[in-house]
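Structural features, examined
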Protein chains: 2
Amino acid sequence: MSHAGFARTPQPPYYAVIFTSQRHGDDAGYGAMAERMAALAARQPGFLGLESARDASGLGITVSYWESEAAITDWKRNVEHGEAHRRGRESWYAHFELRVTRVERAYAARPKSAP
Amino acid sequence: MSHAGFARTPQPPYYAVIFTSQRHGDDAGYGAMAERMAALAARQPGFLGLESARDASGLGITVSYWESEAAITDWKRNVEHGEAHRRGRESWYAHFELRVTRVERAYAARPKSAP
């Protein structure tokens, strides 16, 4: 069963890239870029899924999930060749932090929809 | 220099707990609970910081950062003794996923505020 907004990840271990960012107020093509970035990730070998939330103040957290560190390295190389990366740092974000992590344990619950 | 919304974390390795959740529409004391939970985490030994964003649809991602897995285990034990945990699963979330991860590498940038 699929749940909108949640990545369907396998049993650990796998990898997660946590991208925390503060956007500028102006859009300047950001929405289209974000869609292209998500589509690019989804075509990348080793991609497991993506979760993303941004609040009204422009602070957002996007977590992408990957089978291996090698998959992340390949993805990073693709991104760095693309327009999104070059323009992103200059125009879209006031500040961002990126963390590459290894998922050790995972739990899930759907309290009200459980049988 | 402090940046609202961003955790000030040390050089890796350290640990991150990624909590992705879908809220129900009703508040039912959620805001007060979330503040108590954040205050509880901040008093916990080994706590490094917290980042959180929730979009208008009620999908949110909260990442808490920790010095060690032992600190996460101690925090989890405290949370499970508290009201927030017991009520949370029943009343606040339609679905959540929790992942315990080890941060291997980290990068940061503040494009427009850099000297």
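This write-up is about the structure you can find in this document. (Residues numbered from 1 in each chain as written. Chains lettered and ligands numbered in written order. Predicted model: local features only at pLDDT ≥ 70, side-chain atom pairs only at ≥ 80, totals over all residues. Heavy atoms only, no water.)

1. Structural notes on the interface of chain A and chain B
Taken residue by residue, the interface counts 45 residues in chain A and 45 residues in chain B. Here chain A packs against chain B, burying approximately 4,000 Å² in sum over the two surfaces, 58% of which is carbon and sulfur. Summed over the three residues of chain A that lose the most area to chain B, namely A:F6, A:H95 and A:R99, the buried surface amounts to 17% of that side. Counting every contact that joins chain A to chain B gives 4 salt bridges. A salt bridge links B:E69 to A:R105; its shortest N-O distance comes to 2.6 Å. At the junction of chain A and chain B, the tally comes to 22 residue pairs in polar contact (both at pLDDT 80 or more). Elements with a contribution of two residues or more to the side of chain A that touches chain B: β1 (14–23), β2 (47–54), β3 (59–66), α3 (83–92) and β4 (93–109) of chain A. Per-element accounting of the side of chain A that touches chain B gives the leading share, 17 residues, to β4(A). Here the side of chain A that touches chain B is composed, by residue class, of 21 nonpolar, 11 polar and 13 charged. (Contact = heavy atoms within 4.5 Å. Buried area = accessible area lost by both parts, 1.4 Å probe. Salt bridge = Lys/Arg side-chain N within 4 Å of Asp/Glu carboxyl O. Polar contact = N/O pair within 3.5 Å; in protein donor to acceptor, adjacent residues only side chain to side chain. Helix = DSSP H or I, 4+ residues; strand = E, 2+ residues; numbered from the N terminus. Nonpolar A, V, L, I, M, F, W, Y, C, P; charged D, E, K, R; others polar.)

2. Describing the sheet that holds strand β4 (residues 93–109) of chain B
The strand order β2(A)-β3(A)-β1(A)-β4(A)-β4(B)-β1(B)-β3(B)-β2(B) describes an open sheet built from 8 strands, whose pairing is antiparallel. Looking at which strands have only one partner, the edges of the open sheet turn out to be β2 of chain A together with β2 (47–54) of chain B. For this sheet, the mean inter-axis angle between neighbouring strands, taken without regard to orientation, is 25°. The sheet contact formed by strand β1 (residues 14–23) of chain B and β4(B) spans 10 bridges and is antiparallel. Its bridge partner lying in β4(B), B:A16 is registered against B:T101. (Pairing = 2+ DSSP bridges. Axes fitted to C-alpha atoms, helices over the stretch in contact; angles between N-to-C directions.)

3. Topic: the nonpolar core
The biggest cluster of nonpolar side chains holds 19 residues, and the ones touching the most others in it are A:I18, A:V63, B:I18, B:V63 and B:Y65. The set of elements that each furnish at least two residues to this core consists of β1 and β3 of chain A together with β1, β2 and β3 (59–66) of chain B. (Core = buried A, V, L, I, M, F, W, Y, C linked by side-chain atoms within 4.5 Å. Buried < 20%, exposed > 50% of the residue type's maximum accessible area, 1.4 Å probe, protein only.)

4. Describing the packing of aromatic side chains
Residues and elements named next belong to chain A. Enumeration according to the criterion identifies 16 aromatic pairs over all chains in this entry. For the ring pair Y14 and Y65, a centre distance of 6.0 Å and an interplane angle of 70° mean the geometry is edge-to-face. On the criterion of sequence distance, the pair formed by Y14 in strand β1 and Y65 in strand β3 is long-range, its members being 51 residues apart. Since its relative accessible area comes to 1%, Y14 is described here as buried. Their ring planes at 70° and their centres at 5.3 Å tell us that F19 and Y93 sit as a pair that is edge-to-face. In this pair, F19 sits in strand β1 while Y93 sits in strand β4, placing the two residues 74 residues apart along the sequence. Three or more aromatic residues link up through ring pairs in this structure, and these residues are F19, Y30, W92, Y93 and F96. (Phe/Tyr/Trp six-rings, centres within 6.5 Å; stacked < 30°, edge-to-face > 60°.)

5. Quick word on the environment of A:R8
For A:R8, the location among the structural elements is in the segment before β1. For the pair A:R8 and A:A32, spaced 24 residues apart in the sequence, the C-alpha separation amounts to 24 Å.

6. Some points on the relation of the copies chain A and chain B
Overlay of chain A on chain B (RMSD 0.0 Å): rotation 180°, translation along the axis 0.0 Å. Viewed as a symmetry operation, the transformation between the two copies matches a two-fold axis. (Least-squares fit on C-alpha atoms with pLDDT ≥ 70 in both.)

7. Observations regarding the side chain of B:T20
Summarising the element assignment, B:T20 is placed in strand β1. Those residues in contact with B:T20 that sit more than four places away from it in its chain are A:F6, A:E51, A:Y65, B:L59, B:G60, B:I61, B:H95, B:F96, B:E97 and B:R99.

8. A word on the pairing of β3(B)
Residues and elements named next belong to chain B. The buried fraction of β3 amounts to 8 of the 8 residues, a majority that puts the element mostly inside the structure. Side chains L59, I61, V63 and Y65 of β3 all project onto a buried face; the interleaved residues G60, T62, S64 and W66 project onto the opposite face, where all are buried too. Two elements, β1 and β3, share 8 bridges in a ladder whose sense is antiparallel. When the sheet's bridge partners are listed, I18 is paired in β3 with V63. Bridge count for β2 against β3 is 7 bridges, and the pairing is antiparallel. Residue pairing in the sheet places G49 in a bridge with Y65 of β3. Hairpin connection, β2 to β3: the antiparallel pair is bridged by 4 residues, and G58 has positive phi, about 95°.

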